[in-house]
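Coordinate inspection notes
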Amino acid sequence: MGTYINAGNENLKMALNSEIFVDKSLVLKKFCALLNSNQRFICVSRPRRFGKTTVRDLMAAYFSKGCDSFSLFENLKIADPQETGKKTKKAESKPEKSFDFRENLNKFNVLSLDMGFFYNDSEDKNNVLEKIRNELLEDFQKEFKEIEFSENDSIAKMIQRVYDATNTQFIVLIDEYDTLIREKVSAELIEKYRELLNSLFKSEPLSKAIALAYLTGILPIIRDRVQSKLNNFNESTILQPLGLEEFFGFTKNEVKALCKEYRMSFKECERWYDGYKIGKIDIYNPNSVVRAMTAREYANYWNKSGSYEVVSEYIKLDFEGIKGDVTEMIAGKSISVNIDGFENSLEKINTKDDVFTYLTLLGYLNYDRNTKLCRIPNTEICQEWEKAVKRSDNFSDLVRMIKDSEELLELVQEGDSQKVAAALDKAHSEVSSLKNYNTEASLQAAIMLAFYAAREKYTIIQELPAGKGFADIGFVPLSKKEPAMIVELKCDHDAETAIKQIKNKNYPKVFEKYLDNLFLVGINYDKETKLHECVIEKYQK
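Attention here is on the structure that accompanies the text. The shown structure was predicted, so the numbers you read here are calculated from the model rather than taken from an experiment.

1. Some words on the overall build of the protein chain
Helix and strand counts for the protein chain stand at 22 helices and 16 strands. Along the first, second and third principal axes, the C-alpha set of the protein chain runs to 90 × 50 × 45 Å. When the 541 residues of the protein chain are sorted by exposure, 55% land in the buried category. For the protein chain, the proportion of contacts with a sequence separation of at least 24, taken over those separated by at least 6, is 71%. Accessible area for the protein chain stands at about 25300 Å²; split by element, carbon and sulfur atoms hold 44% of it. Charge separation in the protein chain, taken as the distance between the mean sites of 78 positive and 85 negative side-chain charges, equals 4 Å.

So this is what it looks like as structure tokens:
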């Protein structure tokens, strides 16, 4: 076995020996269908720790001639005829060839590179590509002793020599292909990298030697340079998953099974790590879920694999609308974003839409293609945004409001309606532009912002089905030590009317477990004065 060529199946063995292993091996069936086709070049871009490298390790162990992996796969889904025989909706209309996992098992030469490793391991970053070529040359010479290589051979030439001599094709795996782009290296180095990728994947002489290529990164293929040449790649992104959504990240059923096994609350897991709608399914961050299960504690594990500093860096940019939209998203609202103009290049982030599209690719936002709206996906990521705004001077008012929100629950329990109303005045002013100031959505966002700190103690549900209708906002305690709350909003009426509606429509019925500790909060907003009135009552049976 080599270091980069036919490196074997040790990484998969370690994954299988881990406390938690979620079987994603069916992705191999999809990739086998692409072998030696015009669709054999795949680029998968996802946030960090969403399973891209795990799939790479599956591919290396499955395809590589450098090992015997039958015993590793014989008990996985890829070897189960009931699993591999399931037809997709697309295939239901035509016969599908039966699948035998042994057909392509350990039949190819596999070249596997980790661009992030090479870049970080290089003392002279400008010579990283030469470092890769030199180390690959050593590997080729060691693995194929019967073949004569030249000291000046390019990587493409080495592959070609092996194919010509052995008639064995290559599977090329490049992890973190976008490292040089994200590190903003010199234009000269990017150009050399572009030439390397073109020589591997756009070369007619080498075409027969490459059976499949799998590139992974955070950014999709950049449009201005690389894509003009690498337009033969099919791209699976967090925005357009290409039917691969279930293989990168954990699905709801997979998370439910883990929660059951570890006796952890699935609802809490949803609150912390759900929120990524990729294609048509919900996806959870696998790294965070695994850490939560093994630690037996729900917490913020994102900062172990990412940094809020990148959010802080980009929301400091003085593009019109960034501050208002960030405030609205932290308050729980979704905002409109145009993702089509982003060129997948950090050198060309020139608008608010570019910033939010990039942060979506990093996993700090979720984008709904149907509504064209972005939002902060879950509690874990919301905490990262909170850290980011605290480091950004232009969000000082928002930071102060978040801090003040810690006292608001106490004010409700004390029945201090005047101070609660004053807090809502401030929140409404901060979260709303003049254009949407008087809308119901703006008023709800103001409530969510004013009660921001309540997220640590409550599940907050807008338009909560209750009694004979829908309560505007329900605060469901995560612990029975905390009181439950029902908030009803009115415009240009009075707060007493809101309280009466709560009672007349029997909204408290949904809080049967909390009737001994339930607060009713009626709020009225005066559109003319732009002031709030509040009435607070403790529920009496």
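2. Let's talk about the environment of glutamate 74
Within the secondary structure, glutamate 74 is located in the loop between α4 (70–73) and α5 (81–84). Among the residues examined, glutamate 74 registers a relative accessible area of 39% and is labelled partly exposed. Once the C-alpha coordinates of glutamate 74 and threonine 216 are considered, the two residues, 142 residues apart in sequence, prove to be 27 Å apart. Ignoring any residue separated from it by four or fewer positions in sequence, one finds glutamate 74 in contact with Ala79 and Phe101.

3. Points about the pattern of salt bridges
One pass over the structure, following the stated rule, counts 27 salt bridges. Put simply, aspartate 121 and lysine 131 hold a salt bridge, and the shortest N to O gap is 3.3 Å. Of this pair, aspartate 121 sits in helix α6 (residues 115–121) while lysine 131 is found in helix α7 (residues 128–143), placing the two residues 10 residues apart along the sequence. Looking at lysine 131, the relative accessible area reads 22%, which means it is partly exposed. We note a salt bridge from lysine 352 to aspartate 325, for which the minimum N-O separation is 2.8 Å. One end of the pair, lysine 352, is in helix α17 (residues 352–362); the other, aspartate 325, is in helix α16 (residues 322–330), and 27 residues separate them in sequence.

4. A look at the pairing of strand β2 (residues 109–114)
Walk down a regular strand and you will see the side chains alternate between the two sheet faces. With five of its six residues buried, β2 lies for the most part within the structure. Bridging between β2 and strand β3 (residues 170–175) involves six bridges; their strand directions are parallel. Across the sheet, leucine 113 pairs through a bridge with isoleucine 174, a residue of β3.

5. Observations concerning the sheet that holds strand β16 (residues 531–538)
The five strands are arranged β12-β13-β14-β15-β16 in an open sheet whose pairing can be described as mixed. Because the sheet does not close on itself, it has two edges, and the strands there are β12 (458–466) and β16. Here the average twist between neighbouring strands, direction ignored, is 25°. Here eight bridges tie strand β15 (residues 518–526) to β16, and the two strands are oriented antiparallel to one another. By the bridge assignment, leucine 520 is partnered in β16 with glutamate 537. Along the sheet, helix α19 (residues 396–414) contacts β12, β14 (484–491), β15 and β16; its crossing angle with β15, the most-contacted strand, is approximately 105°.

6. Describing the state of the cysteines
All told, the structure shown has zero disulfides when counted by the stated rule. Distance from the sulfur of cysteine 374, which forms no disulfide, to the nearest cysteine sulfur (cysteine 382) is 14 Å.

7. Details of α19
For α19, built from 19 residues, the straight-helix expectation of 27 Å at 1.5 Å per residue is met to within 8% by its first-to-last C-alpha distance of 28 Å. Of all bends in α19, the biggest is about 35°, found at glutamate 406. Within α19, burial applies to Leu398, Met401, Ile402, Ser405, Leu408, Leu409, Leu411 and Val412.

8. Some thoughts on the sheet that holds strand β5 (residues 234–236)
The five strands lie next to each other as β2-β3-β4-β1-β5, forming an open sheet whose pairing is parallel. The open sheet has two edge strands, β2 and β5, and neither has a second partner. This sheet shows a mean twist of 15° between the axes of neighbouring strands, independent of strand direction. By the bridge criterion, five bridges tie β3 to strand β4 (residues 210–217) in an arrangement that is parallel. Looking across to β4, one finds that valine 172 is bridged to alanine 213. The strands touched by helix α3 (residues 52–63) are β1 (41–45), β2, β3 and β4; relative to β4, the strand with the most contacts, the crossing angle is about 160°.

What counts and how
- Residues numbered from 1 in each chain as written.
- Predicted model: local features only at pLDDT ≥ 70, side-chain atom pairs only at ≥ 80, totals over all residues.
- Heavy atoms only, no water.
- Helix = DSSP H or I, 4+ residues; strand = E, 2+ residues; numbered from the N terminus.
- Buried < 20%, exposed > 50% of the residue type's maximum accessible area, 1.4 Å probe, protein only.
- Contact = heavy atoms within 4.5 Å.
- Areas by Shrake-Rupley, 256 points an atom, 1.4 Å probe, with all protein chains shown as cover.
- Lys, Arg positive; Asp, Glu negative; His and termini not counted.
- Charge placed at Lys NZ, Arg CZ, Asp CG, Glu CD.
- Salt bridge = Lys/Arg side-chain N within 4 Å of Asp/Glu carboxyl O.
- Pairing = 2+ DSSP bridges.
- Axes fitted to C-alpha atoms, helices over the stretch in contact; angles between N-to-C directions.
- Disulfide = S-S within 2.5 Å.
- Expected span 1.5 Å × (residues − 1).
- Bend = angle between axes of the 7 residues up to and from the residue.

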